[in-house]
Amino acid sequence: MALFCNVKIGVLRASGAVVGSLLLVVSTGVAAETLRLSSETSDATSRNMGAARFAQLVDTATQGQTQVKVFANAVLAGGDQLRQAEMVGRGDIDFVLSTAISVTPLIPEMAVFSLPYLYRNYAEVDATLQGEPARRMEQIMAEHGLVVLGWGESGFRELTNSVKPVSSPADLRGMKIRVAGPMFIDVMDELGANPQQIQWTETFAALQQGVVDGQENPVGAVIVPQRIYEVQKYLTAWHYSYDPAFLAVSEEKWNAWSPEMQQTMRQAAQEAMAYQKSLTREQTQSGYATLEEHGMEITQLDDAQLGAFQQATRQTFDSWSQKVGPALVDTFQQAIEEVRHAD
């Protein structure tokens, strides 16, 4: 963020003690600055609730001198979830709260998070988001003008459709499935489905009108709050791919801030994203019951069935590992293996 003109920003100290690490003293008589944050999901999602928490924390930390306004459904980018990240990278928008999948066409390395069946559980996810893999991804994103302030969660992506229960790759043959990006086209092609890449803001209508038969998304972060159960009958819990959320600021804004303001923004973002991730996992845990209450039929897969899907998508895993970069994939796999060996 560009510093306020003629404003001195510092950490408030009283009797030599820091009074709140987030508290900034701003000179009086200066109008508040409003910054814009773009998110491609609705205000009902945990992602936007995390954005709202971030805005609240920033308001408190700066004593109202810096306001963050959240814009849902990628309206600042004309509904284009990729374009919003590009606009933040150029400095046209201040913040973006998005996911790895949404920005993979812009930053191909982000596909590493979503490689099919890379992860088995949250412990493995957390090992990468809190360790060296995430630090490496932050370096890569900075090369695109995006400074990551905090990591959140969209979650493990599950399959829904309006045709029939899916418990094997054969069940997907010929089914039209909405996907979010190129890697998922390859996954669905390998499974014999007919993938359709559609902007998320257009997906509900596409499902409702039968343009596509199904889609894949996290339960807590998307399927429940976006009311996908209104247009889908079946859900398969196949946990085939994971998608982290991230809150990033334009590098232009970041470089214009004082070290104190940078610390304030990063701390607010990390607190907000920790809240968002916790909320997402709570919503995922309770989400299956909610879906059943709304009439969805849920198929849980055993290890053998999951293994069949993993084997069927192995070529996509290998080919995209090469595109992402074998060294980067190794960094992730090493962190994951450390967790598995500790169990």
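See the structure shown above.
Residues numbered from 1 in each chain as written. Predicted model: local features only at pLDDT ≥ 70, side-chain atom pairs only at ≥ 80, totals over all residues. Heavy atoms only, no water.

Student: Looking at this structure, I do not really get the side chain of Asp-171. What am I missing?
Tutor: Considering the arrangement of structural elements, one finds Asp-171 in the loop between strand S8 (146-161) and strand S9 (176-179). There is no salt bridge for the buried Asp-171, and the closest opposite charge comes from Lys-164, which lies 4.3 Å off by N-O distance. Within the local environment of Asp-171, its side chain forms a polar contact with the backbone nitrogen of Ser-167, the two atoms lying 2.8 Å apart. The residues contacting Asp-171, other than those within four sequence positions of it, are Lys-164, Pro-165 and Val-166. (Helix = DSSP H or I, 4+ residues; strand = E, 2+ residues; numbered from the N terminus. Buried < 20%, exposed > 50% of the residue type's maximum accessible area, 1.4 Å probe, protein only. Lys, Arg positive; Asp, Glu negative; His and termini not counted. Salt bridge = Lys/Arg side-chain N within 4 Å of Asp/Glu carboxyl O. Polar contact = N/O pair within 3.5 Å; in protein donor to acceptor, adjacent residues only side chain to side chain. Contact = heavy atoms within 4.5 Å.)

Student: Teacher, can you tell me more about unusual backbone geometry here?
Tutor: The bulk of non-glycine residues show a negative phi, and the bulk of peptide bonds are trans. Of note, the phi angle at Gln-63 is positive, near 55°, even though the residue is not glycine. In this fold, Gln-63 is placed in the loop between helix H1 (46-61) and strand S6 (66-71). One non-glycine residue with positive phi stands out, namely His-239, at about 45°. Looking at the secondary structure, you find His-239 in strand S12 (residues 234-250). Residue His-239 is classed as partly exposed on the basis of its relative accessible area, which comes to 30%.

Student: Could you clarify how one ought to interpret helix H2 (residues 81-90) in this entry?
Tutor: Counting along an α-helix, one turn takes 3.6 residues, and residues three or four places apart therefore face a common direction. Taken together, the buried positions of H2 are Gln-81, Gln-84, Ala-85, Met-87 and Val-88. Viewed along the axis of H2, the buried residues span an arc of 160°, placing them on a single side of the element. The elements touched by buried residues of H2 are strand S5 (33-39), strand S7 (95-99), helix H3 (100-103), S8, S9 and S12. Sitting at the amino-terminal end of H2 is Asp-80, which places a side-chain oxygen 3.0 Å from the backbone nitrogen of Leu-82. Of the residues trailing H2, Gly-91 is marked for its positive phi of about 90°. (Arc of directions from axis to C-beta.)

Student: Would you mind going over the environment of Ala-100 with me for this structure?
Tutor: With respect to the helices, strands and loops of the structure, Ala-100 is situated in helix H3. Sequence separation of Ala-100 and Phe-246 is 146 residues, and the distance between their C-alpha atoms is 7.7 Å. Apart from residues lying up to four places away in sequence, Ala-100 is in contact with Met-110, Phe-113, Asp-243, Pro-244 and Phe-246.

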